[in-house]
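Understanding the architecture of this molecule
Letter by letter, the chains look like this.
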Amino acid sequence: MSDAAPDLYDGPNLDKEDIVLRVDELRKTFGGLVATDDASFAVERGSVTGLIGPNGAGKSTLFNLISGFYEPDAGHVSVNGVDVTGAPPHEVADEGLIRTFQTPRKLEGMTVREAMLVGPQRQPGESFVKLFTSPGEVEAAETRNIEDAQRMLEQFEIDHLATQPATDLSGGQLKLVELARAMLAEPELLMLDEPVAGVNPTLANKLRDHIARLNEDGVTLCIIEHDMEFIMNLADPIIVLDQGSVLVEGTPEAVRSDDRVIDAYLGGPGE
Ligand code: ADP
Ligand code: MG
């Protein structure tokens with residue numbers, strides 16, 4: 001039986017050559033609900049790894065656990081071999097892992113440029129004491145941040161939006177701002193939660209091109225996405241999550257034709 005199905009899932013592929021993110025038997029419950037159920041997987045450096053699965057499969061929860069926004073009940077997360085389990089988001093970011101949110105944070109009362117400047121990047125001005133002890137350093141850092149933000153807006157072709165209120169942007173433009181802002185932190189591993197949800201096809205194509213460019217420049221990506229066509233064209237491997245656990249991992253072609261994946265998508269909760 002065992003060699004009859006060559007694609008039979010035999011556990012997470014944790015033997016990749018050069019692993020940037022490793023998740024081991026991660027578990028998270030909310031009350032009686034098991035959102036993450038002993039999930040294990042690894043992300044290889046240089047890859048674009050797709051994370052898919054039906055609604056409620058636990059994809060966003062997994063991102064929250066990995067990036068330090070939720071604390072796991074059990075299991076481990078390591079970035080570049082450093083154990084960051086339970087560490088707060090800024091410490092995980094310091095190891096080179098930056099994530100975006102499925103629902104972009106509210107940017108009321110801010111221009112796009114201002115929104116770019118509230119991010120996870122290093123900002124000496126945030127240390128209140130430094131305003132008095134080394135005001136020059138704070139000022140220089142602020143100028144540098146503004147220049148970096150401008151350069152990043154240009155790179156993502158949204159510099160014409162710099163002085164617009166962030167609340168005036170379309171869903172797609174907001175996603176571009178999120179991406180540009182995340183890149184200011186110079187991540188090694190960038191994790192995107194549904195980067196093209198609610199984005200029109202033209203902007204989705206632009207986002208695709210930008211993501212591919214970042215990957216060519218050496219950024220490793222892990223992307224949750226509901227749009228199958230988008231993720232299948234961009235990511236390899238694809239990891240399928242179902243009911244909080246990894247169901248299958250494989251190439252887009254293998255995953256697309258896997259009966260277990262089809263069942264998971266058709267089955268829904270309660271299956
Ligand atoms: P996905 O992103 O795959 O659609 P989620 O990770 O958002 O799924 O949710 C997985 C399950 O965990 C869902 O049943 C959801 O209702 C539940 N869940 C997620 N976050 C919380 C939370 N903060 N409190 C309670 N339940 C949550
Ligand atoms: Mg989600």
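Here's a quick rundown of the structure. Worth saying up front: this structure is predicted, and the values here are computed from it rather than measured. Numbering of residues begins from 1 in every chain and follows the order in which that chain's sequence is written. All chains are assigned letters beginning at A, and all ligands numbers beginning at 1, according to the order in which they are written. Per-residue local features of the predicted model are confined to residues with pLDDT of at least 70, and side-chain atom pairs are confined, for both listing and counting, to 80 or more; whole-chain, interface and lining totals are unaffected and use all residues. Based on all heavy atoms of the structure, the side-chain values leave hydrogens and waters out of the count.

**Overview of the overall build of the protein**
The test is simple: Helical segments are the DSSP runs of H or I of at least four residues, strand segments are the runs of E of at least two, and each set is numbered from the N terminus. Under the scheme applied here, a residue whose accessible area is under 20% of the maximum for its type counts as buried, over 50% as exposed, and between as partly exposed, the area being computed with a 1.4 Å probe on protein chains only. Two residues qualify as a contact provided that any one of their heavy atoms is within 4.5 Å of a heavy atom in the partner residue. Methods summary: accessible areas were calculated by the Shrake-Rupley approach with a probe of 1.4 Å, and residue burial reflects only the protein chains presented.
The number of helices and strands found in the protein is 10 helices and 10 strands. Relative to its 271 residues, the protein shows a buried fraction of 47%. Of the contacts made within the protein by residues no fewer than 6 positions apart, 66% connect residues no fewer than 24 positions apart. For the protein, the accessible surface area stands at approximately 13500 Å², while carbon and sulfur atoms represent 49% of it.

**Brief notes about a nonpolar patch on the surface**
The following threshold applies: Two joining distances apply to patches: 9 Å for like charges and 5 Å for nonpolar side chains (Val, Leu, Ile, Met, Phe, Trp, Tyr), and every residue must have over 30% relative accessible area and no salt bridge. Salt bridge, as applied in this entry: a Lys or Arg side-chain nitrogen positioned within 4 Å of an Asp or Glu carboxyl oxygen.
On the surface, a cluster of nonpolar side chains totalling about 370 Å² of accessible area is made up of Phe30, Leu33, Phe69 and Tyr70. Residue placement: Phe69 occurs in the loop between α1 (59–66) and β4 (74–79). You can call Phe69 partly exposed: its relative accessible area is 40%.

**Overview of the coordination of the magnesium ion (ligand 2)**
Our working rule: Water is not among the atoms examined, so metal sites may look incomplete; donors are the N, O and S atoms within 2.8 Å of the metal, or within 3.2 Å for Na, K and Ca.
At 2.1 to 2.2 Å from the magnesium ion (ligand 2) lie its protein donor atoms, namely Ser60 (OG) and Gln102 (OE1). Remark: Gln102 occurs in the loop between β6 (97–99) and α3 (112–117) and Ser60 occurs in helix α1; sequence separation between them is 42 residues. Take Gln102: its relative accessible area is 35%, and that puts it in the partly exposed class.

**Overview of the nonpolar core**
Which entries qualify depends on this criterion: By nonpolar core we mean a set of buried residues, namely Ala, Val, Leu, Ile, Met, Phe, Trp, Tyr and Cys, connected to one another through side-chain atoms within 4.5 Å. Where a domain begins and ends is set by an automatic assignment or by a domain database.
Counting 50 residues, the largest nonpolar core has Phe156 and Leu190 as its most contacted members. With 8 residues, the single largest contributor to this core is helix α6 (residues 171–184). There are two domains that each give this core at least three residues, and those are domain 1 (8–105 + 171–266) and domain 2 (107–168). Residues Val20, Leu21, Ala57 and Val84 belong to the second largest nonpolar core, which totals 26 residues.

**What to know about the site of ligand 1**
In plain terms, the rule: Whether a residue is near a molecule or strand is decided by its heavy atoms; if any one of them lies within 4 Å of it, the residue is near. Definition of a polar contact: a pair of N or O atoms within 3.5 Å, with one able to donate and the other able to accept a hydrogen when the atoms are protein atoms, and with sequence-neighbouring residues admitted only if both atoms are side-chain atoms. As a working rule, the residues Ala, Val, Leu, Ile, Met, Phe, Trp, Tyr, Cys and Pro are called nonpolar, Asp, Glu, Lys and Arg charged, and the rest polar, with Gly in that last group.
Taken together, Phe30, Leu33, Ala35, Pro54, Asn55, Gly56, Ala57, Gly58, Lys59, Ser60, Thr61 and Tyr70 make up the full set of residues adjacent to ligand 1. Measuring from an oxygen atom of ligand 1, one finds a backbone N or O atom of Ala57 at 3.2 Å. In this structure, Lys59 approaches ligand 1 through a side-chain N or O atom, which is 2.8 Å from an oxygen atom. Bound to the protein, ligand 1 loses 62% of the 560 Å² it would expose on its own. If you list the elements that add at least two residues to the shell around ligand 1, you get β2 (33–44) and α1. Considering each element in turn, the shell around ligand 1 owes the most residues, 3 residues, to α1. Grouping the constituent residues of the shell around ligand 1 by class yields 6 nonpolar, 5 polar and 1 charged.

**Observations regarding the environment of Asp37**
Note on placement: Asp37 falls in strand β2. In this structure, Asp37 is in contact with Leu26, Arg27, Gln243, Gly244 and Ser245, ignoring residues within four places of it in sequence. Here the side chain of Asp37 touches Arg27 through a polar contact of 2.7 Å, side chain to side chain.

**Focus on the sheet that holds strand β10 (residues 245–250)**
Strands belonging to one sheet form pairs held by backbone hydrogen bonds; the direction of such a pair is parallel or antiparallel. Condition: DSSP calls a pair of strands paired once it identifies at least 2 bridges connecting them. For helices, the fitted line uses only the C-alpha atoms of the stretch in contact; every axis is such a line through C-alpha atoms, and the angle between N-to-C directions lies from 0 to 180 degrees.
The 6 strands lie next to each other as β6-β7-β8-β3-β9-β10, forming an open sheet whose pairing is mixed. Two strands lie at the open edges of the sheet, namely β6 and β10, each paired on one side alone. Neighbour-to-neighbour, the strand axes of this sheet turn through a mean angle of 20 degrees, independent of strand direction. Sheet analysis places strand β3 (residues 48–52) next to strand β8 (residues 220–224), joined by 4 bridges and oriented parallel. Opposite Gly50, over in β8, you have Ile223 as the bridge partner.

**A few points about the pattern of salt bridges**
Applying the stated criterion across every chain, the model contains 10 salt bridges. The shortest N-O distance in the salt bridge between Glu188 and Arg45 comes to 2.7 Å. Taken together, the residues span a long stretch of sequence, with Glu188 in the loop between α6 and β7 (189–193) and Arg45 in the loop between β2 and β3 at a distance of 143 residues. Among the charged side chains, a salt-bridge network with shared partners connects Asp18, Arg45 and Glu188.

**A word on the sheet that holds β4**
Taking strand neighbours across the sheet as the criterion, the 4 strands line up as β2-β1-β4-β5 in an open arrangement whose pairing is antiparallel. If you trace the sheet from one side to the other, it starts and ends with β2 and β5 (82–83), each paired once. Against the sheet, α1 makes contact with β1 (19–30), β2 and β4, and its axis sits at roughly 115 degrees relative to β1, the strand it touches most.

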